[in-house]
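Read off the chains here:
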Amino acid sequence: MPKSYCNYCSGLTNHEEVAVRATSGHDGHPEYPCEWGTYYRMLQCLGCETVVLRVDHWHSEYDMGDQSEFYPPRASRRPPLWMWQIPDGWRVLLAEIYTALQADSKRLAMMGARALLDVYMNDNVGDLRTFDLKLSALVEKGRITDSDKAVLVAALEAGHAATHRGHLPSDADIAHAMDIVENLLQRHLLQFSAEALAKATPPRPNKKQV
Ligand SMILES: [Zn+2]
């Protein structure tokens, strides 16, 4: 029973091998004969039952190491369930950021996070001249606190460095930036949830009239 990474269980879980196919080739060179091949394994997680394709390559003359490919790719982070409730323009960008994360395209993910922050700010405070002006306007509107602003400046700077200086962000940088962006978007949703809840809740009866 092979252990394999499961995106949905977010960790190594037991998998059942549903099917396996193998391809191979060889070079009949008289002095340097060699063989190579690929295993395609369809694996099903015994926890959540999702299925993934694992591809392993081997070569008789080279150590291919532990370089399994996964389809869909392994993801350290899952798109939030509330993603479908945010405005289309934000959701499309967020989905593209997750596509970049799954392809391990860290710079693209960071650029995307910065672009999404920019779109969010434009929608909330208008297209002001600089990021700093937009962030200050968000503070004035009470959408974020001063300490949130400091964290967002860090996220924007990371996106800027990825775009203009080719800076390769670490996994921790990306996780931090994504936490910030998603926190902001989710807070936007919670604000509407709170308003809807307040409207749907019957008012307290006036004690004098009871
Ligand atoms: Zn699973």
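The preceding data block contains the structure.
Residues numbered from 1 in each chain as written. Predicted model: local features only at pLDDT ≥ 70, side-chain atom pairs only at ≥ 80, totals over all residues. Heavy atoms only, no water.

Draft legend 1. Fine view of the sheet that holds strand 1 (residues 3-6). With antiparallel pairing, the 5 strands of this open sheet are ordered in space as 1-2-3-4-5. Among the strands making up the open sheet, the edge pair consists of strand 1 and strand 5 (69-71). Adjacent strand axes in the sheet meet at a mean angle of 35° when their direction is disregarded. Here strand 3 (residues 34-45) runs beside strand 4 (residues 51-59); their pairing, made up of 9 bridges, is antiparallel. Among the inter-strand pairings, Met 42 is bridged to a residue of strand 4, identified as Leu 53. (Pairing = 2+ DSSP bridges. Helix = DSSP H or I, 4+ residues; strand = E, 2+ residues; numbered from the N terminus. Axes fitted to C-alpha atoms, helices over the stretch in contact; angles between N-to-C directions.)

Draft legend 2. Summary view of the environment of Pro 2. Here Pro 2 lies in the segment before strand 1. Its relative accessible area of 26% is what places Pro 2 among the partly exposed residues. Apart from the residues lying within four places of it in its own chain, the contact partners of Pro 2 are Thr 13, Asn 14, His 15 and Leu 43. (Buried < 20%, exposed > 50% of the residue type's maximum accessible area, 1.4 Å probe, protein only. Contact = heavy atoms within 4.5 Å.)

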